[in-house]
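Breakdown of the fold
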Amino acid sequence: MSRVARAAKYASLILASLAVLIPLVVVLFAAFKTHAEYNTTGPLTPPRNWLNFHNFATAWTAGDMLRGFWNTTFILVVSLTGTVAVGTLAAYAISRFVFPFKRLVLGLFLVAALVPGVTTQVATYQIVKSMGLVNTPWSAIVLFMGTDIVSIYIFIQFMQSIPQSIDQAAMIDGANRFTVYRKVILPLMKPAIATVVIIKGIAIYNEFYIPFLYLRSPNLSVISTALFRFKGPYGAQWETIAACTMIVIIPTVVIFLLLQRFIYNGITAGATK
Amino acid sequence: MSAQLTAVRPAVQAGRARPGTKIFRTPGLYVLPALILLITFTYVPVGNMLWYSFHKWDGLDPTMDPAGFDNYARVFTDDQYRRVFLIGLYYFAASFAQIAIALYFAVVLSFNVRFRNLFKGILFFPYLLNGVAVGFVFLYLFQPEGTLDTLMGMLGLGEHTRLWLGDPDLANISLAGTSVWRFTGLNFVLFLGAIQSIPGEIYEAAEIDGANRWHQFRHIIAPGIRRIISLSFILAISGSLSVFEIPFIMTGGANGTRTFVVQAYQTAFQFRQIGLASAMAVVLLLIVLLLTWIQRRVLPDEEVTLS
């Protein structure tokens, strides 16, 4: 490759990296500035004191972020457990057995994958309301469990790669179907479960619309809605908003650095099903 | 949950005793929890939505007034509602930029590049971020005398600064730009994955035959990722109609930035016109289903071979 082409290639990569990073870095700068400093310095000026955690403390308490993280974690753990249980059971039946209306059931799952969740919320809201779940964490939990067709696909795909002879061997040894599922299939499904947990976990952590609609009460805030609440009253205190934005972003950075490879594989598996 | 599972067990054993019935009775139960959730939270809402869309209803009143096709007529004739389709065009246009950028970097990074993983990580990372955080990051970037204005000043473009989010002519472009920043990483990783699934020997063989990088792109990479690119374009159409978070968080739909879903949200939950909002949702759903049907016609499954 010619020297010019090489230089252009690296220049474009560096330019794109700057375009990604600058918007984030300036918010990080702002998060460490005092109010006076924020008002007198430009956005590209680094903070004078990198150890000024005052804004983070304000944001943490004013936004009730501990509660936000707790609620997010609770909803995350329960809906992920539910998704894995419901999804693997369904995938087990679909990939292993013949049962009446199987084609119809499969068709229902397929068509549902095309319905964008945001469009049906008008009507879903009435159903969740009639169940008395609005303003309880269970509204978000059942919706995260119930709207997830992609993970069932991932489970089915993976299960088809597990040889049937393994379950037949266990059956011959006297295991019933549920034991086969519990003791044979589920342990072998670990990679698929990890994929689903990662991509779905990130999606739930980032979800805004469902908690915004269904978890209106301030003590049910998840991190998205807790952050969103800063918009009005803190409009003049960008350094506090910046700190809170960073509080929300940091866990994502850590997870990404730790689980990079799994995230790439999971995203590819989830989007091209 | 566990109650259902224990209920399954006797059924399993009963099934084993009578081989004729076992196939029919038990496995269905395993699908049941998923099926119940699916029907309750996807099919019943879609059905109700159709029903609501032919009525005038505030969501509270026990009675609904039949409205015939009035709601649909309004979606297509009232300017306020028709406009949201046009707003979708900004995001649709932006998705071309998004796909082009993603494709360029996927091709560049599929060859040997120093710090390859670092660049890949940086380009992909925005896709993982919380939507509210992205909204705030860009509100900060676009605010008067904010990051963008300062950068332009440094580059000697100081007199070209605008009210990026306040000017109705520009606001949608700024928001669509934010959307490109957020979602390019996804396209990029998908394209990169498709390119890397092409066996390396093909390139080697091509190189021996004297193919340069352009030939390799034109005759090996492009056919190999055609499907994922076409798929991205079709997803871009439905995606650009379902834009919600970025405009809702950043402008709340002000300054002419109300997208289809923001408008549907406000119609349903702020103005309590459930019937009208349902009609909007039905129209959107029909568009998405139509596009998927077209996609299946245009891209039959046998094309998967190379990707």
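Residues numbered from 1 in each chain as written. Chains lettered and ligands numbered in written order. Predicted model: local features only at pLDDT ≥ 70, side-chain atom pairs only at ≥ 80, totals over all residues.

1. So, the overall build of chain A
Stated precisely, the cut-off is as follows: The numbering of helices and of strands both runs from the N terminus, where a helix is a DSSP run of H or I of at least 4 residues and a strand a run of E of at least 2. For this measure, only C-alpha atoms enter the radius of gyration; the expected value for a globule follows 2.2 Å times N^0.38, where N is the number of residues. Two residues qualify as a contact pair if the distance between their C-beta atoms, derived from the backbone, is within 7 Å.
Of regular secondary structure, chain A possesses 14 helices and 0 strands. Along chain A, from the amino end to the carboxyl end, the secondary structure elements read α-α-α-α-α-α-α-α-α-α-α-α-α-α. A globule of 273 residues ought to have a C-alpha radius of gyration of about 19 Å, yet chain A, at 23 Å, is considerably larger. Along the longest, intermediate and shortest principal axes, the C-alpha atoms of chain A span 75 × 65 × 35 Å. Look at the contacts in chain A between residues 6 or more apart in sequence, and 75% of them connect residues 24 or more apart.

2. Some details on the UniProt feature "transmembrane region" (unreviewed entry) in chain A
All names here are of chain A. Keep this limit in mind: UniProt positions are given in the numbering used here, feature names are shortened, and annotations may be inferred rather than shown by experiment.
Residues annotated in UniProt with the feature "transmembrane region" (unreviewed entry) correspond here to residues 12-32, 69-92, 104-125, 137-156, 192-215 and 235-259. Within the segment residues 12-32, helix and strand shares are 95% and 0% respectively, and the terminal C-alpha atoms sit 30 Å apart. Secondary structure within residues 69-92 divides into 100% helix and 0% strand; the distance between the first and last C-alpha atoms comes to 34 Å.

3. Considering the UniProt feature "domain: ABC transmembrane type-1" (unreviewed entry) in chain A
Mapped onto this numbering, the UniProt entry gives "domain: ABC transmembrane type-1" (unreviewed entry) at residues 69-259 of chain A. Across residues 69-259 of chain A, helical content stands at 76% and strand content at 0%; the span's end C-alpha atoms are separated by 20 Å.

4. Concerning the packing of helix α6 (residues 117-130) of chain A against helix α13 (residues 274-298) of chain B
Helix-helix packing is described using two parameters, namely the angle between the two axes and the distance between the axes. Under the convention used in this document: Between N-to-C directions, angles span 0 to 180 degrees; the directions come from axes that are lines fitted to C-alpha atoms, helices contributing only their stretch in contact. An angle counts as roughly parallel when it lies under 35 degrees, as roughly antiparallel when it exceeds 145, as roughly perpendicular when it falls between 65 and 115, and as oblique in every other case. Two helices that cross are described as forming a left-handed crossing if the nearer one is turned anticlockwise from the farther one by less than a right angle, and a right-handed crossing if clockwise. Basically, the charged four are Asp, Glu, Lys and Arg, the nonpolar ten are Ala, Val, Leu, Ile, Met, Phe, Trp, Tyr, Cys and Pro, and anything else, Gly included, counts as polar.
Axis separation between α6 of chain A and α13 of chain B bottoms out at 9 Å; the angle between their running directions is 150 degrees. Here α6 of chain A is positioned roughly antiparallel relative to α13 of chain B, judged by the angle of their axes. Here the hand of the crossing between α6 of chain A and α13 of chain B comes out left-handed. Together, Thr119, Thr120, Val122 and Ala123 of chain A of α6 of chain A and Ile274, Ala277, Ser278, Ala281, Leu284 and Leu285 of chain B of α13 of chain B make up the contact between the two elements. Among the residues forming the contact of α6 of chain A with α13 of chain B, the class breakdown is 7 nonpolar, 3 polar and no charged.

5. A look at the UniProt feature "domain: ABC transmembrane type-1" (unreviewed entry) in chain B
Per the UniProt entry, the sites bearing "domain: ABC transmembrane type-1" (unreviewed entry) are residues 84-295 of chain B in this numbering. Measuring from the first to the last C-alpha atom of residues 84-295 of chain B gives 24 Å, for a span that is 76% helix and 0% strand.

6. With respect to the packing of helix α4 (residues 79-110) of chain B against helix α8 (residues 168-196) of chain B
All names here are of chain B. Packing of α4 against α8 brings their axes to within 6 Å, and their N-to-C directions diverge by 35 degrees. Our pair here, α4 against α8, has a crossing hand that is right-handed. Of the residues that constitute the contact of α4 with α8, the class distribution is 21 nonpolar, 8 polar and no charged.

7. Side note on α13 of chain B
Our working definition: Multiplying one less than the number of residues by 1.5 Å gives the expected span of a helix. Residue burial here comes from a neighbour count, namely the number of other C-beta atoms, placed from the backbone, that lie within 10 Å of the residue's own C-beta, with 20 or more meaning buried, 12 or fewer meaning exposed, and in between meaning partly exposed.
With 25 residues, α13 of chain B should cover 36 Å at 1.5 Å per step; its first-to-last C-alpha distance of 36 Å lies within 8% of that length. Of the residues making up α13 of chain B, those classed as buried are Ile274, Gly275, Leu276, Ala277, Ser278, Ala279, Met280, Ala281, Val282, Val283, Leu284 and Val288 of chain B.

8. Here's the deal with the UniProt feature "transmembrane region" (unreviewed entry) in chain B
Residue and element names in this part refer to chain B. Annotation from UniProt places "transmembrane region" (unreviewed entry) at residues 28-54, 89-111, 123-142, 173-195, 228-250 and 270-294. Annotated as 100% helix and 0% strand, the span residues 173-195 places its first and last C-alpha atoms 31 Å apart. Taken end to end, residues 270-294 is 88% helix and 0% strand, and its first and last C-alpha atoms sit 35 Å apart.

9. Details of the interface of chain A and chain B
On the chain B side, the residues contacting the 73 residues of chain A number 73 residues. For the side of chain A that touches chain B, the element with the most residues is helix α14 (residues 238-271) of chain A, which contributes 13 residues. Here the residues of the side of chain A that touches chain B sort into 54 nonpolar, 17 polar and 2 charged.

10. Here's the deal with the environment of glycine 275 of chain B
Inspection of the secondary structure puts glycine 275 of chain B in helix α13. Glycine 275 of chain B sits 131 residues away from proline 144 of chain B along the chain, and the two C-alpha atoms are 40 Å apart.

11. Thoughts on the domain arrangement of chain B
Residue and element names in this part refer to chain B. So the rule is basically this: Either an automatic procedure or a domain database provided the assignment from which the domain bounds are taken.
With domains assigned, chain B is organised as domain 1 (2-53) and domain 2 (70-306). Contact residues are listed per partner, giving 4 residues for domain 1 and 7 residues for domain 2. Of the residues that constitute the side of domain 1 that touches domain 2, the class distribution is 3 nonpolar, 1 polar and no charged.

12. Digging into the confidence of the model for chain B
Residue and element names in this part refer to chain B. Our working definition: Confidence per residue, as judged by the predictor, is encoded in pLDDT with a range of 0 to 100.
Here chain B averages 84 in pLDDT, and 89% of its residues register 70 or above. Here residues 1-21 scores under 50 on pLDDT; set against residues more than four positions off or in separate chains, the count is 22 contacts. Below a pLDDT of 50 lies the segment residues 302-307, which in the model reaches 10 contacts outside its immediate sequence neighbourhood of four places, other chains included. If you check the scores for this complex, the pTM reads 0.87 and the ipTM reads 0.91.

13. Regarding the nonpolar core
Filter applied, for reference: We call a set of buried Ala, Val, Leu, Ile, Met, Phe, Trp, Tyr and Cys residues a nonpolar core when their C-beta atoms link them within 7 Å.
Among the nonpolar cores identified, the biggest contains 161 residues, and Ala90 of chain A together with Tyr140, Phe191 and Met280 of chain B are the most heavily contacted of them. It is α8 of chain B that provides the largest number of residues to this core, a total of 14 residues. Formed jointly, this core draws a minimum of three residues from each of two domains, domain 1 (2-53) and domain 2 (70-306) of chain B. Every residue in contact with tyrosine 140 of chain B, bar those within four places of it in the chain, is listed here: Val26, Val27, Ala30, Trp238 and Ala242 of chain A together with Gly146 and Thr147 of chain B.

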